[in-house]
Amino acid sequence: MTRPATAPSRPVVLIAEELAPSVLAVLGEGFDVRHVDGADRAALLPALAEADAVLIRSATQVDAEALAAAPRLKVVARAGIGLDNVDVPAATARGVMVVNAPQSNIVSAAEQAVALLLACARNLAPANTALKAGRWERSRWTGVEVADKVVGVVGLGRIGVLFAQRMSAFGTQLIAYDPYVSPARAAQIGVRLVSLEDLLRESDFISIHLPKTPETVGLIGEKELALCKPTVRIVNAARGGLLDETALAKALEAGTVAGAGLDVFANEPCTDSPLFGFDSVVVAPHLGASTVEAQDKAGIAVARSVRLALEGDFVPDAVNVQAAGAVPEELRPALPLVEKLGRVFTALAGGLAASMEVEVRGEIASLDVSVLQLAALKGVFADVVEEQVTFVNAPTLAAERGLEVSLATDPESPEYRNVIRVHGVLPTGELVSVSGTLTGPRQVEKLVEVDSFDIELVAEKHLLFFRYHDRPGVVGVVGAGLGDAGINIAGAQVSRTAQGGDALMALTVDSAPPHEVLEQLAREIGAHSVRSADLS
């Protein structure tokens, strides 16, 4: 669609769904605020023609078609956390910033989980229904106390921690499963870390607080439910599909699970389910974020982001960093590179480091490069935590997990015009480092150093790093093994300290090798370590 002949005198902010009144107050009078029913496609597309920003919730689909209908659009603001209804890659390709409100509903979601747990423990839903139907049934709806019970928290992200803190006040014993949280951090909030299997076996109540990913879908299914106490009550106010609803219904029918509290379902809206037939199951239509306060926080947060974006300022809640506000032009190309360095750093570390420094050398060191530290942290936590990582929450995630972070600059860069190094110390005292730069007219992202080994490898696709004792034939073994597994090598680099000394083989491959393939290769070449990083 072509640009309208006459552009509005003030930036147009299109509000496509009902938002809190505070949104208008935050936006102020410098904008032409218009309203449309975002769920009405025939009304939405024409309204987007002059929009500089659009504010939505969950009912409005901002896909490639909608973006194509909005030639002036600079920012899409989702008043909430999820971005399932926004085509973020398409928006990024068009230079449209996408923002959300990552912290708006965390308190409401945690409180909803607590409410479901208590309602389930005391049979409040069926007792309420019975009494309103004229039946006084005190003995039938006898419940259980929460005090002194073991409460298992699956996922210690922001919401999981808030839930645990609130359940602690009930005098419970708290245990948790989260492979990305250290025992020391868990101990700070009064939680004992255990394996998922032990959590299932020990818990009287279980509450799930994980994102929905290919790894977490169906995390608790028939096999896992069989490990639980028959008196267990399970709460899911996180994402539908993490708890297998069919397996849960069978367990309830068999009496191997006592009850459940569900706010989310695998397919929504869900108005018919075998689970609805159990008095011991308390259900709600995805109300975790449905509080006045959460909606108000979400509206205010995205309104502030819209103001920043339309005024050309840096926007901390931008989820597509290529369009991250008024970052100096010289730094913008480096943001995706540094985020990748953070991801590689975590992959090399095999977990979270104790400390990390982002070192910026070269011409860009004279600029305010603090955003590069944020980009590195964003990468460090991208594959570690369940919640979405943004510039605004990355420092908090680091602080919560005890990661000390620093930034260093040096205008001198002997080998490259600019180079960024992310290095740190693991809890074991081991040093880890990775450096990268942008080369050529196309600003190609390259890794130029890994753990003090000099390399030059394009930072893309899937990366593999083999550390081993230098000797003939190793490259052939690795190449043949990957070939047998159907893994194509796109690029390779070998570096060594000295002939016959330590060596590093760095590879880019077109697809991620199965874990067992990497383990087999490691055994065959006697590797000290094998690490993989997904940058696709």
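Going by the structure above, here's the rest.
Residues numbered from 1 in each chain as written. Predicted model: local features only at pLDDT ≥ 70, side-chain atom pairs only at ≥ 80, totals over all residues. Heavy atoms only, no water.

(A) Region of the structure containing the packing of helix H13 (residues 334-349) against helix H14 (residues 370-382). One way to put it is that H13 packs onto H14 with a least axis distance of 7 Å and a crossing angle of 40°. Taken together, the axes of H13 and H14 lie oblique to each other. H14 is crossed by H13, and the crossing has right-handed handedness. On H14, the residues touching Ala 334, Leu 335, Val 338, Glu 339, Gly 342, Arg 343, Phe 345 and Thr 346 of H13 are Val 371, Leu 372, Ala 375, Ala 376, Lys 378, Gly 379, Val 380 and Ala 382. Of the residues belonging to the contact of H13 with H14, the class tally is 10 nonpolar, 3 polar and 3 charged. (Axes fitted to C-alpha atoms, helices over the stretch in contact; angles between N-to-C directions. Helix = DSSP H or I, 4+ residues; strand = E, 2+ residues; numbered from the N terminus. Parallel < 35°, antiparallel > 145°, perpendicular 65-115°, else oblique. Left-handed = near helix turned anticlockwise from the far one by under 90°. Contact = heavy atoms within 4.5 Å. Nonpolar A, V, L, I, M, F, W, Y, C, P; charged D, E, K, R; others polar.)

(B) Representation of helix H11 (residues 245-254). If you check which residues of H11 are buried, you get Glu 245, Ala 247, Leu 248, Ala 249, Ala 251 and Leu 252. Buried residues along H11 sit in contact with helix H10 (222-225), strand S11 (259-262) and strand S12 (281-283). One or two residues past the end of H11 sits Gly 255, with phi positive at roughly 80°. (Buried < 20%, exposed > 50% of the residue type's maximum accessible area, 1.4 Å probe, protein only.)

(C) Representation of the pattern of salt bridges in the model. Counted according to the given criterion, the structure contains 26 salt bridges. The closest approach of N and O atoms between Arg 41 and Asp 63, which form a salt bridge, is 2.5 Å. Taken together, the positions of Arg 41 in helix H2 (residues 41-47) and Asp 63 in the loop between strand S3 (53-56) and helix H3 (64-68) put the pair 22 residues apart, joining distant regions of the chain. By relative accessible area, Arg 41 is classed as partly exposed at 25%. Since its relative accessible area comes to 27%, Asp 63 is described here as partly exposed. Each member of the salt-bridge network shares a partner with another, and the members are Glu 359, Arg 361, Asp 410, Arg 421 and Glu 449. (Salt bridge = Lys/Arg side-chain N within 4 Å of Asp/Glu carboxyl O.)

(D) Quick peek at the packing of helix H16 (residues 474-484) against helix H17 (residues 515-525). Between H16 and H17, whose axes approach to 10 Å, the crossing angle comes to 155°. Judged on the interaxial angle alone, H17 and H16 are roughly antiparallel. Here the hand of the crossing between H16 and H17 comes out right-handed. Contacts between H16 and H17 involve Val 474, Val 477, Val 478, Gly 481 and Leu 482 from the former and Val 517, Leu 521, Glu 524 and Ile 525 from the latter.

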